[in-house]
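# Structural features, examined
Listed below are the residues making up each chain.
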Amino acid sequence: MKTEATNRPPVAVIDAGVGNLGNLFRALRHVGADPELTTDPATVERSTTIVLPGVGAFRPPRERMRGGLERALRSALDSGAHLLGICIGYQLLFDSSTEFGTTDGLGLLPGRIDRLPESVALPQIGWNRLVRRADHPLLSGIPDGENEGLFYFVHSYAPYDVPETVRLAEAVHGGAFVAVAGRGRVYGTQFHPEKSGPNGLRLLRNFLDLAENRAAVCPN
Amino acid sequence: MSARSGPERRGESGLVFRVIPCLDVKDGRVVKGIQFQDLRDLGDPAESAARYASEGADEIVFLDITAAPESRETDLDWVRRTAETVFVPLTVGGGVRRPEDAERLLRSGADKVATNTAALEDPKLLTELAERFGSQCVVLSVDAKRLPGDGPPRWDVVTHGGRKARGIDALEWIERGIAHGAGEILLTSIDADGTKDGYDLDLLHAVAERVTVPVIASGGAGTLEHLVDGLRSGASAVLAASIFHEGTHRIDDVKRALAERGFAMRLESGRVPSGSSA
């Protein structure tokens, strides 16, 4: 199905103990990546393309990251690695979360994770559309219309207090929240690209392209 | 924003209604029969699912219809093959009696599991599944049969393809199932199933009014108007089998028509990028 692309470095998928990553692996392979599940700080540290997935609650994967893995991730980013956080992995990128008491996040993106408003059914489960806030290569080629550019969400918490410069797209569920954020080489999506049909695969492909072509880093 | 109707019944949301093809699977093949009898072979599950996904299916539901009556283990190769090429949520039901059964399905590529008979026999199964995998993974499948008589309609829960009446009120069971951990209700009218005469709208309305979790309308869809009626009656998603299998309607045509009728939909081409960069 792939592997002509032998010049591609493996994609390190950090295993923070959040369970089933089979569908993320299948989607990454489908767009030509060679994903490798890892909990090994040394592997993370020498990776140039890193994915931080997650489902469930904020705190267990956060605690799992503390120490060696977190240091390795920061070191890899300092050396120019690209990082994509997905769902809880996206939430981990921000400063803090209020889920089950306040927990500090990785602080790679500014913002705070808070519960979605109670005016809507929670968790949000289903397809929701993006409202673009920036023209970013991560979203390139993904349609942007009333009934297009939808992605599959499963969550009860989302980032708030995110500076305008870091917001790439929002979605509305009981009010707007930041559904895609990015700064430098750190990006994240609240939705699951691996379950979002062609749009999700395109976003994963865009991330790989960003990681493989360091010159194309977007200034914001 | 145009005036459009969405599935979220309380506050503002960009969530859209879902159109879900259902594939009944027996011995690894897609089959279809009227009221679970006279089964015909309709092909390979992975191939059918891939075609539906490319037409814009928002999710795909597989029901292994032989699992409950014959108590056999679900052979999961077709789930794995489907997950290799289909990148929308996959729900698989049939034979989920213990958390380990759900785990095998999830590991094979399912995103949600549907449980029916086993949950009725032991509702704690729903709690165990929700605690282990999250409510968003747990679909309670309910087959309801309208009780004869005058007065407000009532429905009994039935199992084994409608052959076994359980003597339990369907609305009460659904509320109890949600309290135990079900995150979504797949609601099938056994009276309407396979008839193409339309969903049991009284049933849909009665359930959707009582619960906040998504309700998937199932059983009886034969025309576009039936899907419209299902969404108007409070369903978050409409599930259909024969109208898609028999080629009466394509999923993309149905979704465009529903969008034109004011229902928020996901409309986009199903071309899946793969391999090296575009």
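Bear in mind that the values here come from a model prediction, so they are computed numbers and not experimental data.

Along the backbone of chain B there are 11 helices and 12 strands. In terms of overall size, chain B behaves like a compact globule, its C-alpha atoms giving a radius of gyration of 18 Å where 278 residues would be expected to give roughly 19 Å. Its C-alpha atoms put chain B at 55 × 45 × 40 Å along the principal axes. Every one of the 278 residues in chain B was classed for burial, and the buried ones make up 61%. Summed over all atoms, the accessible surface of chain B reaches about 11,200 Å², with 46% contributed by carbon and sulfur.

Moving on: the side chain of Arg18(B). Inspection of the secondary structure assignment puts Arg18(B) in strand β1 (residues 18-26). Look at Arg18(B) and you get buried, because its relative accessible area is 4%. Engagement of the side chain of Arg18(B) in a polar contact is seen with the side chain of Glu184(B), the distance being 2.8 Å. In this view, Arg18(B) contacts Trp127(A), Asp58(B), Glu59(B), Lys112(B), Glu184(B), Pro214(B), Ser236(B), Ala237(B) and Val238(B); residues no more than four positions away in its chain are not counted.

The partner chain A presents 40 residues to the 45 residues of chain B that form the contact. Across the chain B to chain A interface the summed buried area is about 3,500 Å²; carbon plus sulfur atoms make up 54%. Between Lys195(A) and Asp111(B) there is a salt bridge, with its nearest N and O atoms 2.7 Å apart. Ranked by residues supplied to the side of chain B that touches chain A, first place goes to helix α4 (residues 99-108) of chain B with three residues. The residue makeup of the side of chain B that touches chain A, split by class, is 17 nonpolar, 14 polar and 14 charged.

What follows deals with the nonpolar core. Nonpolar side chains tend toward joint burial in soluble globular proteins. Residues Ile60(B), Phe62(B), Leu187(B) and Leu258(B) are the most contacted members of the largest nonpolar core, which totals 80 residues. At five residues, the largest contribution of residues to this core is made by helix α6 (residues 124-133) of chain B. Not counting residues within four places of it along the chain, the set of residues in contact with Ile60(B) comprises Ile20(B), Pro21(B), Leu23(B), Ala49(B), Tyr52(B), Ala53(B), Val86(B), Val88(B), Pro89(B), Leu90(B) and Thr91(B). Formed by 38 residues, the second largest nonpolar core is a distinct cluster that contains Ala27(A), Ala33(A), Tyr187(A) and Leu210(A).

Here is the key point about a regular strand: its side chains alternate between the two faces of the sheet. Residue and element names in this part refer to chain A. Neither face of strand β14 (residues 186-189) is exposed, since Val-186 and Gly-188 on one face and Tyr-187 and Thr-189 on the opposite face are all buried. Across four bridges, the pairing between strand β13 (residues 176-183) and β14 is antiparallel. Considered in β14, the bridge of Gly-182 is made with Tyr-187. A loop of two residues connects β13 with β14, the two strands running antiparallel in sequence, and Gly-184 in this loop sits at a positive phi of about 60°.

This paragraph deals with α4(B). For α4(B), the complete set of buried residues consists of Pro99(B), Asp101(B), Ala102(B), Leu105(B), Leu106(B) and Ser108(B). Buried-residue contacts for α4(B) involve α1 (22-30) of chain A together with α3 (77-85), β5 (90-93), β6 (112-115) and α6 of chain B. One or two residues past the end of α4(B) sits Gly109(B), with phi positive at roughly 125°.

Moving on, we come to empty space enclosed by the protein. Applying the stated criterion to the full structure yields two cavities of 30 Å³ or more. In terms of lining residues, the largest cavity is bounded by Arg8(A), Pro9(A), Val11(A), Ala33(A), Asp34(A), Thr49(A), Leu208(A), Ala211(A) and Glu212(A). For the lining of the largest cavity, the element with the highest residue contribution is helix α6 (residues 197-212) of chain A, accounting for three residues. In terms of residue class, the lining of the largest cavity is made up of five nonpolar, one polar and three charged. In this structure, the second largest cavity encloses a volume near 30 Å³. Every residue along the wall of the second largest cavity is listed here: Leu187(B), Ser189(B), Tyr199(B), Asp200(B), Leu203(B), Leu204(B) and Ser218(B). Residue composition of the lining of the second largest cavity, by class: four nonpolar, two polar and one charged.

Let's shift gears to the packing of aromatic side chains. Residue and element names in this part refer to chain A. Taken as a whole, this structure holds nine aromatic pairs over all chains when the rule is applied. An angle of 90° between the planes, with centres 5.2 Å apart, marks the rings of Tyr-90 and Phe-94 as edge-to-face. Look at Tyr-90 and you get buried, because its relative accessible area is 0%. Residue classification places Phe-94 among the buried positions, given a relative accessible area of 0%. For the pair Tyr-187 and Phe-207, a centre-to-centre distance of 5.9 Å together with 80° between the ring planes defines the contact as edge-to-face. Here Tyr-187 is found in strand β14, whereas its partner Phe-207 is found in helix α6, with 20 residues between them in sequence.

It is worth spelling out the confidence of the model for chain A at this point. All names here are of chain A. In this model, chain A carries a mean pLDDT of 91, and residues with pLDDT of at least 70 account for 93%. Long-range and interchain partners of residues 1-6, a stretch whose pLDDT sits below 50, account for six contacts in this model, where long-range means more than four residues apart. Across residues 215-220, where pLDDT falls below 50, the model places 13 contacts with residues more than four positions away in sequence or in other chains.

The rules behind the values
- Residues numbered from 1 in each chain as written.
- Chains lettered and ligands numbered in written order.
- Predicted model: local features only at pLDDT ≥ 70, side-chain atom pairs only at ≥ 80, totals over all residues.
- Heavy atoms only, no water.
- Helix = DSSP H or I, 4+ residues; strand = E, 2+ residues; numbered from the N terminus.
- Rg over C-alpha atoms; globule rule 2.2 N^0.38 Å.
- Buried < 20%, exposed > 50% of the residue type's maximum accessible area, 1.4 Å probe, protein only.
- Areas by Shrake-Rupley, 256 points an atom, 1.4 Å probe, with all protein chains shown as cover.
- Polar contact = N/O pair within 3.5 Å; in protein donor to acceptor, adjacent residues only side chain to side chain.
- Contact = heavy atoms within 4.5 Å.
- Buried area = accessible area lost by both parts, 1.4 Å probe.
- Salt bridge = Lys/Arg side-chain N within 4 Å of Asp/Glu carboxyl O.
- Nonpolar A, V, L, I, M, F, W, Y, C, P; charged D, E, K, R; others polar.
- Core = buried A, V, L, I, M, F, W, Y, C linked by side-chain atoms within 4.5 Å.
- Pairing = 2+ DSSP bridges.
- 1 Å grid on protein atoms, 1.4 Å probe; cavity = no way out; pocket = protein on both sides within 12 Å on 5 of 7 lines; lining within 4 Å.
- Points joined across faces, edges and corners; volume = space filled by probe spheres on them.
- Phe/Tyr/Trp six-rings, centres within 6.5 Å; stacked < 30°, edge-to-face > 60°.
- pLDDT = per-residue confidence, 0-100.

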